[in-house]
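Here's the letter readout for the chains.
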Amino acid sequence: MDLDLSPAQRAFRDEVRAFIRDRLPADIRQRLRQGHPPRKEDTVAWQRILHERGWAAPHWPRAYGGAELGTMERLILLDEIYRAPAPLPQVFNVGMLGPVLLKYGTEAQRTFFMPKLARLDLWFCQGFSEPGSGSDLASLRTAARRDGDHYVVNGQKIWTTTAHLADWVFALVRTDSEARKQEGISFLLIDLKTPGITIRPIISIDGGHHLNEVFFDDVRVPVANLVGQENRGWDCAKFLLGNERTGIANVGLCRERLDYARELAARITQGGRPLSADPALQAEFAELDAEIRALEITNWRFLLTDGEQQRLPAFASVLKLKGTELQQALMALLARLDGLGGLERRADADTPRHGPLAPRYFYSRAGSIYGGTSEVQKDILAKAIVG
Ligand SMILES: Cc1cc2nc3c(=O)[nH]c(=O)nc-3n(C[C@H](O)[C@H](O)[C@H](O)COP(=O)(O)OP(=O)(O)OC[C@H]3O[C@@H](n4cnc5c(N)ncnc54)[C@H](O)[C@@H]3O)c2cc1C
């Protein structure tokens, strides 16, 4: 297998680079480069710029605002967005809900929601996890009881990323408590302005507000907002969780963070010499560089092999696990380069020395939990190897 891009793919990459260079607002790039997470307004502004080109939802059909890009082109686009760095297309809208609506939604749902998902006129969040139901998601208990042409929802979700910024949530609810646990679940779209919903912040170790608890107290949801069949929501959930694998390894993010570490190491001096002059640090950079390249090649193999191999859960688990470990190593390296000063907590939080590198390192620890914990990935790998 040729381990480089084809001439056509390279031409596409150059086209994407030129587009990003011309259109990405400098202030957004600067904030992300320093390590700040994108603000909602950054993601919305950038996604609308991408949308003009059909690249906000690159793998969707053109009829719904996509560009019908092939897998490799899509991966190239994602990598270039990461490397810019620019905000990724909003993952709940584009990577998760859009494909579910395409496969399981009604035409009315597709026509109403998909253009709004692509342009970010509506911001969705994901209401799957509950206290006690994370890795064992099918044990979820939030209940939806049918009452005429509505469901009445009661229960609680947790760790709901960006719920405080969102307009809607797509949620898994239990519609049959007698059936086997996977068979009594339904997939509902819920407007967060509906009476009976309370959103409470969870402040994470980086000091930021990204996560929430969401409480449902007699929340009335029209039956028209059911996606797929009643009690078959687990099919949608499995499809959603298995579908979003193209960028699972986050190679572009790793490359961008390594570039930034090199930039900082050349800028920061110790005893009159730049940190980059240290042979031990140079060796660390070289090792990370090689690991990222190996991950990139593994990612290509995964995407370019036939469908049967792609469906092997172990392949996706390697990418998730290794990608997370590399991101965490890079975030730790950046926090270390920043030195003790980077750990200072200051009221003027916008003016740390080199950006919020220590908080980003702390938050990167969550990578081993969301999207399937590292222990669960290792279980999958062990079963694939040992049988
Ligand atoms: C930053 C962040 C953002 C998130 N965003 C969202 C979101 O937007 N929407 C949403 O629905 N959820 C979200 N989650 C929740 C996430 O999906 C769950 O945290 C995750 O599935 C793990 O579930 P849990 O927290 O209940 O831990 P548990 O499943 O209870 O796991 C606890 C520990 O036990 C281990 N463990 C569990 N089962 C096994 C097993 N079979 N074998 C070996 N070890 C095991 C785990 O690895 C872990 O170490 C987010 C989580 C985080 C940290």
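Chemist: Please give an account of the nonpolar core that cites residues and values.
Modeler: Counting 92 residues, the largest nonpolar core has Phe124, Val169, Leu188, Ile190, Ala261, Leu330 and Leu334 as its most contacted members. The leading source of residues in this core is helix H11 (residues 313-338), at 12 residues.

Chemist: An account of the packing of H11 against helix H13 (residues 374-386) is requested, with residue identities and associated values reported.
Modeler: H13 packs onto H11 with a crossing angle of 140° between their chain directions and a minimal axis gap of 9 Å. The angle between H11 and H13 places the two elements in the oblique class. Classified by chirality, the crossing of H13 by H11 is left-handed. Across the interface between the two elements, Pro313, Ala314, Ser317, Val318, Lys320, Leu321 and Thr324 from H11 touch Ser374, Gln377, Lys378, Ile380, Leu381 and Ala384 from H13. Its residues assigned to classes, the contact of H11 with H13 shows 7 nonpolar, 4 polar and 2 charged.

Chemist: So what about the domain arrangement of the chain? Which residues, and what values?
Modeler: On domain assignment, one finds that the chain holds domain 1 (7-89), domain 2 (124-231) and domain 3 (245-386). The gap between the C-alpha centroids of domain 1 and domain 2 is 30 Å.

Chemist: Would you mind going over the site of the ligand in detail, with residue names and values included?
Modeler: For the ligand, the set of nearby residues contains 18 residues, the closest of which are Phe128, Gly134, Ser135, Thr373 and Glu375. Secondary-structure elements contributing two or more residues to the shell around the ligand are strand S1 (124-127) and H13. Each of domain 2 (124-231) and domain 3 (245-386) contributes no fewer than three residues to the shell around the ligand.

Chemist: Give me unusual backbone geometry: which residues, what numbers.
Modeler: For residues that are not glycine, phi is negative in most cases, and the peptide bond is trans in most cases. A cis amide bond links Ala84 to the next residue, Pro85, at an omega of -10°. Along the chain, Pro85 falls in the loop between helix H4 (71-83) and helix H5 (91-104). Positive phi values are uncommon outside glycine, yet Trp159 reaches one of about 65°. Along the chain, Trp159 falls in the loop between strand S3 (150-158) and strand S4 (168-174). A count of 22 C-beta atoms within 10 Å places Trp159 in the buried class. Phi angles above zero are rare outside glycine, and Thr162 is one such case at about 60°. Counting through the fold element by element, Thr162 comes out in the loop between S3 and S4.

Chemist: Please give an account of the pairing of strand S7 (residues 209-222) that cites residues and values.
Modeler: As judged from the 8 bridges shared by S3 and S7, these two strands associate in the antiparallel manner. Its bridge partner lying in S7, Lys157 is registered against Val214. Remark: 5 residues form the turn of the hairpin made by strand S6 (residues 197-203) and S7, two consecutive strands paired antiparallel; Gly207 in that turn has positive phi of roughly 85°.

Chemist: Summarise helix H2 (residues 26-34); cite the residues concerned and give the values.
Modeler: For H2, every residue scored as buried is listed here: Ile28, Arg31 and Leu32. All buried residues of H2 fall inside an arc of 95° around its axis, so they share one side. In H2, the exposed positions that point more than 90 degrees away from the buried face belong to Ala26, Asp27 and Gln30. Each element contacted by the buried residues of H2 is listed here: helix H3 (40-52).

The rules behind the values
Residues numbered from 1 in each chain as written. Predicted model: local features only at pLDDT ≥ 70, side-chain atom pairs only at ≥ 80, totals over all residues. Core = buried A, V, L, I, M, F, W, Y, C linked by C-beta atoms within 7 Å. Buried ≥ 20, exposed ≤ 12 C-beta atoms within 10 Å, placed from the backbone. Helix = DSSP H or I, 4+ residues; strand = E, 2+ residues; numbered from the N terminus. Axes fitted to C-alpha atoms, helices over the stretch in contact; angles between N-to-C directions. Parallel < 35°, antiparallel > 145°, perpendicular 65-115°, else oblique. Left-handed = near helix turned anticlockwise from the far one by under 90°. Contact = placed C-beta atoms within 7 Å. Nonpolar A, V, L, I, M, F, W, Y, C, P; charged D, E, K, R; others polar. Domains from an automatic or database assignment. Near = placed C-beta within 6 Å. Pairing = 2+ DSSP bridges. Arc of directions from axis to C-beta.

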